[in-house]
Amino acid sequence: MPRITYITADGAAREVDVEEGATVMEGAKIHNVPGMDADCGGACACSTCHVYVAPDWLARLPEKGPMEDDMLDFAVDRNERSRLACQLRVGPECDGLVVHMPERQF
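Attention here is on the structure that accompanies the text. The structure presented is a predicted model; accordingly, all values stated were derived computationally and were not measured. (Residues numbered from 1 in each chain as written. Predicted model: local features only at pLDDT ≥ 70, side-chain atom pairs only at ≥ 80, totals over all residues. Heavy atoms only, no water.)

## What about the environment of Phe106?
Here is step 1 of the chain: Looking at the secondary structure, you find Phe106 in the segment after strand 5 (98-100).
Here is step 2 of the chain: The spacing of Phe106 and Val90 is 16 residues in sequence and 25 Å in space, taken between C-alpha atoms.
Here is step 3 of the chain: Residue contacts for Phe106: discarding those within four places in its chain leaves Asp37, Asp39, Thr48 and Val76. (Helix = DSSP H or I, 4+ residues; strand = E, 2+ residues; numbered from the N terminus. Contact = heavy atoms within 4.5 Å.)

Here it is, written out as structure tokens:
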């Protein structure tokens, strides 16, 4: 299983194994990672699964789709590393992915 590291807003790292086919959001929810609200349950209808992708991973992930990009307009402190975790599907290529949780989701 791919291993993903979630860095919480207070700087604590949580490395967890996430099943292939799940999303980065689902991995955080299953493993009770603090700071992942995911109010819409993964429907890309809110921005409460906002994460910051580690800089060295930006080019390795699929580009944002237009719906994700629009929803990120509602994220607090959006920047060039912002992604919605519900839109990041986990595959073997995600092994070692690092995402940072924002201080708050809304």
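Resuming the write-up.
## Observations regarding unusual backbone geometry
Here is step 1 of the chain: The phi dihedral of Cys44 is positive, around 55 degrees, even though this residue is not glycine.
Here is step 2 of the chain: If you trace the backbone, Cys44 turns up in the loop between helix 1 (24-30) and strand 3 (50-53).
Here is step 3 of the chain: Classification of Cys44 as buried rests on a relative accessible area of 4%.
Here is step 4 of the chain: With phi around 55 degrees, Asp77 is a residue other than glycine that occupies positive phi space. (Buried < 20%, exposed > 50% of the residue type's maximum accessible area, 1.4 Å probe, protein only.)

## Concerning the sheet that holds strand 1 (residues 3-7)
Here is step 1 of the chain: The mixed open sheet is built from 5 strands, whose spatial order is 2-1-5-3-4. The strands lining the two open edges of the sheet, one partner per strand, are strand 2 (13-17) and strand 4 (82-84). Strand-to-strand, the axes of this sheet are offset by a mean angle of 35 degrees, without reference to chain direction.
Here is step 2 of the chain: One ladder, built from 2 bridges, connects strand 3 with strand 5; its direction is antiparallel. Bridging across to strand 5, Tyr52 finds its partner in His100. (Pairing = 2+ DSSP bridges. Axes fitted to C-alpha atoms, helices over the stretch in contact; angles between N-to-C directions.)

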